[in-house]
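One-letter residues, chain by chain:
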2 protein chains.
Amino acid sequence: MKIGILTIGNELTSGRTQDTNASFLARAFSTQGWQVMLIMSVGDEDEAIKQALGYILARSDAVVVTGGLGPTADDITTEAIARAFGLGLYTDDAVLRHIREIFDKYRLSWTENNAKQAIFPEGAEVIANPVGTAAGFALKQKGKLIAVIPGVPREIGRMLPEGVLPLLRREFPEAAQHVAVRTIKSFGLSEAAVDKALADLDFERLGIRIGFYPNFPENHIVLTATGGLESETAARISAAEAGVVSRLQKYVFAYDGDTLEGLVAKMLTEKGWTLAVAESCTGGLVTDRLTDVPGSSAFLERTVVTYSNAAKTELLGVPADVLEEHGAVSEQTARLMAQGVRKLARTDLGLAITGIAGPAGGTSQKPVGTVHIALDDGKECLCRHYAFRWDRRRNKIISSQAALMMLKRYLTGEREDA
Amino acid sequence: MKIGILTIGNELTSGRTQDTNASFLARAFSTQGWQVMLIMSVGDEDEAIKQALGYILARSDAVVVTGGLGPTADDITTEAIARAFGLGLYTDDAVLRHIREIFDKYRLSWTENNAKQAIFPEGAEVIANPVGTAAGFALKQKGKLIAVIPGVPREIGRMLPEGVLPLLRREFPEAAQHVAVRTIKSFGLSEAAVDKALADLDFERLGIRIGFYPNFPENHIVLTATGGLESETAARISAAEAGVVSRLQKYVFAYDGDTLEGLVAKMLTEKGWTLAVAESCTGGLVTDRLTDVPGSSAFLERTVVTYSNAAKTELLGVPADVLEEHGAVSEQTARLMAQGVRKLARTDLGLAITGIAGPAGGTSQKPVGTVHIALDDGKECLCRHYAFRWDRRRNKIISSQAALMMLKRYLTGEREDA
C-alpha cells in the first residue's frame, strides 16, 4: 500500500516546532510494510491544505493528516478538509458529551469554542481520542482514505495503534496481512558497528525486513515479517531475532516497549531490593528516569545530588583529602560515593555517578565527557570509567544510560567487563 | 518572498532519521520574513523529485533542496534535478581539485565515485562547502531559484548563511525586508484561556501575525511583524507585546530563547545566592533541569530526593509525628523539607516539592496530582498547594515547572498569591 503524510501547522512551516510526528508516522507505516510516498507540511491555510491533499492522494492510497484540530481560531483542519471535498459539517453529540465530561471531571470552565472539537465533515467516521479532547476522523473519497488526527505526540501515540492502523487495515485488505514486529534495543555500539556486526545475516532469505533507528543513546533494530499466518511470521521473526542477539550479545538490553529504567525497576521490585543513588554530573537524571516508573518508591529509598564537594564529604563521607588528591571526578570518589550513599540510606545497593558534563570543566587529563560510575552492594564495588564525547545534555543522558545499564547487568547476574 | 523546502532521502520517508534540516531552514527563512509555503520530503527517486520540484515551484519563488549529494549510487539529487529541467551535466574542475585536496589532506584513498561530487547541471552556480566534499549549486529557471545543498546539518549550518541566504537576497530584492519576531512564554493558563484573554486585541490593525504554540506545560505566543524599516517593525512588535503582557501578566515568565531554568540560574548566579533542593514526587527532575544549565554548580549546592519517609526525617529533620499526622504530602511537610534542606546545605534558599505523581497513591482527600511546593529563605517560608490532573510524567513536569516558577517569582521580587 502507498501512503502519504500531511502535517499541518504554522508552527511547522515557521520552523518553531520540530515536526516529530511525520517521522513517527513514517516509521510506523514502513514497519507495516507500506510505502511512504512523501511527507508534506503546510501552514494552517485552507487552500494550501486542499492542494496538498490533492497532490498526495494522486500518488497514494491513503493519507494520514495531523494537526490543526484544537479549539482555537487558527485550527482549521476540519473545515479545510470538509471544503476540499465539498462536504458539510455536523456536530457529533457523543463526542461533545465526551469533551464536556472531561471538562466536568477536571473542573475546567467551559467556553463555547471548545464545542468546535465535536464538529466533523459529513460522512466522517470518528477516531476516538482516549487521552484528550481532540477526536480524529476518517473519510473515504473515491476509494482513497483520509485519516485525520491531532498533532499532539502523546495523543498520536495512542490513536495510531488503536484507531488509525486498524482502520487502514480494514479499508485496504492488501494492508491487512499479518505483520510481526520485533524491536531489539541496543546500547554501547555505534550505528555503524551494529550494521557491521549484522552484515553476515541474510535477512532476505529469512523473509525479514530490517530497519535501524538510532534513538540517542540507544540503537533500535526493528525486524518485520509480513505474511498470512501469525505462527509463520512469528517463527521467521524468532529466527532473525536469534541471529541479531547472537551478534550483539550484551549490547542488547530490551525488547519492544520495554525501557531500561522499567526493567531495572521491575527486577529491583521483584527481588525486594532497595537502592540509593548518589549523582553528580547527571544532576538527578538517573533518579528522574527511575521515578518515571510507577511504583518506584518500592525500591528507591533516596538520592543525593552532591554537586558540591562539601555535600560529597558531609552526606557520603568522601574524605576531603581524596577529593583533593584524586579529584571529584575519579574512580576513588565514585567508589566512595556508591559506598557512602548505600550506608547513608541502609539500602541493598548504592549507585554513584561522577563526571564532567561540559562545556567547561575539562582538562587534558580529564576531558569533558570523563565519567566514573560505581555500584556497591556491601560486598564488592564495581566501577567503570567512560569517555563520552557529546554536548552537556547528551553527556548527561548517556551517563544516566550507562549507570542504569551497570545496574541492570548486576541484577541479571551478567559480569561487567572492565 | 515565497519559498519552499524539499528534503530528499529514503531515510526520511522510512522514518529512520528525524528530519531536523527542514525545521532549521524553515526557521531561518521565517526569521528573514519570507513565507515558507510548504515543506516536502521524498525518497531518493528520480520521478518523485521531479514532481515535488514542480509542485513547490508552482507555489514559490524559490526552493531550497537538501540531501542526496553524496558519492554513493543512491545519491541521485543532482542528476534528478538536471533531468527535471532538461539540462546536461558538467564537471567543475575547481570543485574536483578541492575534493582531491581534502582526500590528500586527510590521507583518504581516492575512489572514482568521489568525482561524482564535482558534477553539476549545466548553467549551475556552485555553492561552496567549506566543511565537506559535497558542494551545493543553484539554478535559475523561469525566474525561479533552485538552491541545492547537502543534508549534513553541520554543513548546512555553514552553507546556509554563507551561501544560500546571500544568493536569495541577491536574486530577490524584495526578500531583503526586515522581520521582527517576539516569542512570549506563559505558564499557568490553558491554550484556550490564553486565546480568550487575548481575544480583544486587534493584531491585524497592528500589522502583526500571532501564533500559539503549546509546549507542555508552557504556552508560547509568537508575534511577527514584516516591513521595510527595522525601527518600524520593532515598534509594532513592542505595541503588540505590551498588549499581550498586560492581558497575561504574571503568567508570562520568559521571552524568545530564554528558558525558565536558564532565567533562574542566571538570577541566582548574578545575586551570588546558593540553592539546595528537596524533591519527592518530582524525583530529581527539578535538579535535572537546573543542571542542564552550564555553570549551575555556581549556585546549586546539593539536592536530596527523599523518596522514603526515613530520608525526610534523617536528612531534612521532618519529625516522624508530622509525617504521621499530616502525611508526607502536606503543607507542613513541604515547609519542613524546604527549611530542612536549607539548613542541611547551609544555602541561601531551600526549595521543596512533595506530591502524588500517580497513577497510584491518591485518596479522595489527596487525589493524584496533589502537590505542595515550599521555598524557604531563613526568614520566611512560602508555600503553595496545587491540584494537577495529568499522568505521572506530566505531573512531574508541571510540578517541576511550578517549583521553578515559585523560585523565579521570589528572585524577581514578585509576590506569590495564595
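This text goes with the structure placed above it.
Presented here is an overview of the structure given in this document. In this text the structure is predicted, and so the values were computed from the model without any measurement. Residue positions within a chain follow its written sequence, with the count starting from 1. Lettering for chains starts from A, numbering for ligands starts from 1, and both go in the order in which the items are written. This being a predicted model, a pLDDT of at least 70 is required before a residue's local features are given, and a value of 80 or more before pairs of side-chain atoms are given or counted; all residues contribute to the totals for chains, interfaces and linings. With hydrogens and water stripped out, all remaining heavy atoms of the structure feed into the side-chain values.

It is worth spelling out the overall build of chain A at this point. Every helix listed is a DSSP run of H or I at least four residues long, and every strand listed is a run of E at least two residues long, numbered separately from the N terminus. Of regular secondary structure, chain A possesses 15 helices and 17 strands. Throughout, a contact is declared for two residues whenever any of their heavy atoms are within 4.5 Å. Taking all contacts inside chain A whose residues are at least 6 apart in sequence as the whole, residues at least 24 apart take part in 66%. For chain A, the accessible surface area stands at approximately 16,900 Å², while carbon and sulfur atoms represent 51% of it. Of the side chains in chain A, 46 bear a positive and 51 a negative charge, and the two mean positions are spaced by 3 Å. Using the Shrake-Rupley algorithm and a 1.4 Å probe, accessible areas are obtained, with residue cover drawn only from the displayed protein chains. We count Lys and Arg on the positive side and Asp and Glu on the negative side, and we leave His and both chain ends out. By convention, the charge on Lys lies at NZ, on Arg at CZ, on Asp at CG and on Glu at CD.

A cavity here means a set of points on a 1 Å grid, drawn over the protein atoms and nothing else, where a 1.4 Å probe fits but cannot get out; a pocket is an open set with protein on both sides within 12 Å along at least five of seven lines, and a residue lines either one if it has an atom within 4 Å of a point. Grid points are joined across faces, edges and corners, and a volume is the space filled by probe spheres set on the points. Tallied over the full model, the rule gives 1 cavity of 30 Å³ or more. Approximately 180 Å³ is the volume found for the largest cavity. Taken together, 18 residues line the largest cavity, and the ones lying closest to its centre are A:Asp19, A:Ala22, B:Asp19, B:Ala22 and B:Ser41. The set of elements that each furnish at least two residues to the lining of the largest cavity consists of α2 (20-31) and β2 (35-42) of chain A together with α2 (20-31) and β2 (35-42) of chain B.

Turning our attention to helix α9 (residues 260-271) of chain B. All names here are of chain B. Across its 12 residues, α9 extends 17 Å between first and last C-alpha, which sits within 8% of the 16 Å expected from 1.5 Å per residue. Note on exposure labels: buried denotes an accessible area under 20% of the residue type's maximum, exposed denotes more than 50%, and partly exposed covers the range between, all computed with a 1.4 Å probe on protein chains only. Along α9, the residues that are buried comprise Leu260, Glu261, Leu263, Val264, Ala265, Met267 and Leu268. Residues of α9 that are buried in the fold lie against β12 (252-255), β13 (275-279), α10 (285-290), β15 (349-355) and α14 (392-411). Just past α9, the residue Gly272 takes up positive phi, approximately 70°. Working rule for helices: expected span equals 1.5 Å times residues minus one.

Let's shift gears to the sheet that holds strand β10 (residues 209-215) of chain A. All names here are of chain A. What makes two strands pair is DSSP finding at least two bridges between them. The 4 strands lie next to each other as β10-β11-β9-β12, forming an open sheet whose pairing is antiparallel. Of all the strands in the sheet, the pair left with one neighbour each is β10 and β12 (252-255). Averaged over all adjacent pairs, the angle separating strand axes in this sheet is 25°, with direction ignored. One ladder, built from 3 bridges, connects strand β9 (residues 178-187) with β12; its direction is antiparallel. Paired with Ile184 across the two strands is Tyr255, which belongs to β12. Lines fitted to C-alpha atoms define the axes here, with helix axes fitted over just the stretch in contact, and angles between the N-to-C directions of these axes take values from 0 to 180 degrees. In the packing of helix α9 (residues 230-248) onto the sheet, contacts are made with β9, β11 (218-227) and β12, and the angle to β11 comes to roughly 155°.

Residues and elements named next belong to chain A. Within β11, 9 of the 10 residues are buried, which leaves it mostly tucked inside the rest of the structure. Note that β9 and β11 share 10 bridges and pair antiparallel. Following the sheet pairing, Ser186 is matched in β11 by Asn219. When β10 meets β11, the two strands line up antiparallel, connected through 7 bridges. Looking at the pairing, Asn215 lines up with Glu218 of β11. Hairpin connection from β10 to β11: 2 residues lie between these consecutive antiparallel strands.

Every contact between the two is made by 71 residues of chain A and, on the other side, 67 residues of chain B. Carbon and sulfur atoms make up 48% of the area that chain A and chain B hide from each other, which totals about 5,500 Å². A pair is scored as a salt bridge if a Lys or Arg side-chain nitrogen falls within 4 Å of a carboxyl oxygen belonging to Asp or Glu. Here A:Arg302 makes a salt bridge to B:Glu314, at a shortest N to O gap of 2.9 Å. Polar contact is defined as a pair of N or O atoms within 3.5 Å, subject to the rule that within protein one atom must be able to donate a hydrogen and the other to accept it, and that residues adjacent in sequence are counted only when both atoms are side-chain atoms. Where chain A touches chain B, the interface holds 49 residue pairs in polar contact (both at pLDDT 80 or more). In terms of residues, the side of chain A that touches chain B owes the most to one element, β2(A), which gives 7 residues. Note on residue categories: nonpolar means Ala, Val, Leu, Ile, Met, Phe, Trp, Tyr, Cys or Pro, charged means Asp, Glu, Lys or Arg, and polar means any other residue, Gly included. Class assignment for the residues of the side of chain A that touches chain B results in 29 nonpolar, 25 polar and 17 charged. For β2(A) and β2(B), the ladder comprises 5 bridges, and the chain directions are antiparallel. Residue pairing in the sheet places A:Ser41 in a bridge with B:Ile39 of β2(B). Two parts placed together each lose some accessible area under a 1.4 Å probe, and adding up what both lose gives the buried area.

This brings us to the side chain of B:Thr233. Tracing the backbone through its elements, the reader meets B:Thr233 in helix α8 (residues 230-248). In contact with B:Thr233, not counting residues within four places along its chain, are B:His178, B:Ala180, B:Ala225, B:Thr226 and B:Gly227.

To continue, consider the environment of A:Pro367. Residues and elements named next belong to chain A. Inspection of the secondary structure assignment puts Pro367 in the loop between β15 (349-355) and β16 (370-376). Taking the relative accessible area as the measure of exposure, Pro367 reaches 41% and is therefore partly exposed. Excluding residues within four positions of it along the chain, Pro367 makes contact with Ile356 and Gly362.

What follows deals with unusual backbone geometry. Of note, the amide linkage connecting A:Phe216 to A:Pro217 takes the cis form, showing an omega dihedral of 0°. Tracing the backbone through its elements, the reader meets A:Pro217 in the loop between β10 and β11. Omega for the bond connecting B:Gly358 with B:Pro359 falls within 30 degrees of zero, at 0°, which places this linkage in the cis form. Along the chain, B:Pro359 falls in the loop between β15 and β16 (370-376). Although it is not a glycine, B:Lys142 adopts a positive phi angle of roughly 50°. By secondary structure assignment, the location of B:Lys142 is in the loop between β7 (136-141) and β8 (144-149). Of note, the phi angle at B:Arg346 is positive, near 55°, even though the residue is not glycine. Among the structural elements, B:Arg346 can be located in the loop between α13 (331-345) and β15. We classify B:Arg346 as exposed; its relative accessible area is 55%.

Over the atoms rolls a probe the size of a water molecule, and in doing so it shows where empty space is left. All names here are of chain B. Volume-wise, the second largest pocket comes out at about 630 Å³. Taken together, 28 residues make up the lining of the second largest pocket; nearest its centre are Glu11, Gly67, Gly68, Gly151 and Val152. Sorting the residues of the lining of the second largest pocket by element identifies β1 (2-8), α1 (10-13), α2 and α6 (153-171) as the ones contributing at least two each. Among the elements that take part in the lining of the second largest pocket, α1 stands out by supplying 3 residues, more than any other. Considering only residue class, the lining of the second largest pocket consists of 7 nonpolar, 15 polar and 6 charged.

All right, on to the nonpolar core then. What is meant by a nonpolar core is a set of buried Ala, Val, Leu, Ile, Met, Phe, Trp, Tyr and Cys residues, joined one to another through side-chain atoms within 4.5 Å. Ranked by internal contacts, the top residues of the largest apolar core, which has 63 residues, are A:Leu6, A:Met40, B:Leu6 and B:Met40. In this structure, A:Met40 is in contact with A:Ile5, A:Leu6, A:Thr7, A:Ala52, A:Tyr55, A:Ile56, B:Leu38, B:Ile39, B:Met40 and B:Tyr55, ignoring residues within four places of it in sequence. Counting 38 residues, the second-largest nonpolar core is a separate cluster that includes A:Ala265, A:Leu300, A:Leu351 and A:Met405.

This part takes up the state of the cysteines. All names here are of chain B. Two cysteine sulfurs form a disulfide in these notes if their separation is within 2.5 Å. One pass over the full model with this rule turns up 0 disulfides over all chains. Not part of a disulfide, Cys281 finds its nearest cysteine sulfur in Cys383, a span of 12 Å. Counting only cysteine sulfurs, Cys381 is the nearest neighbor of Cys383, a cysteine outside any disulfide, at a range of 6.2 Å.

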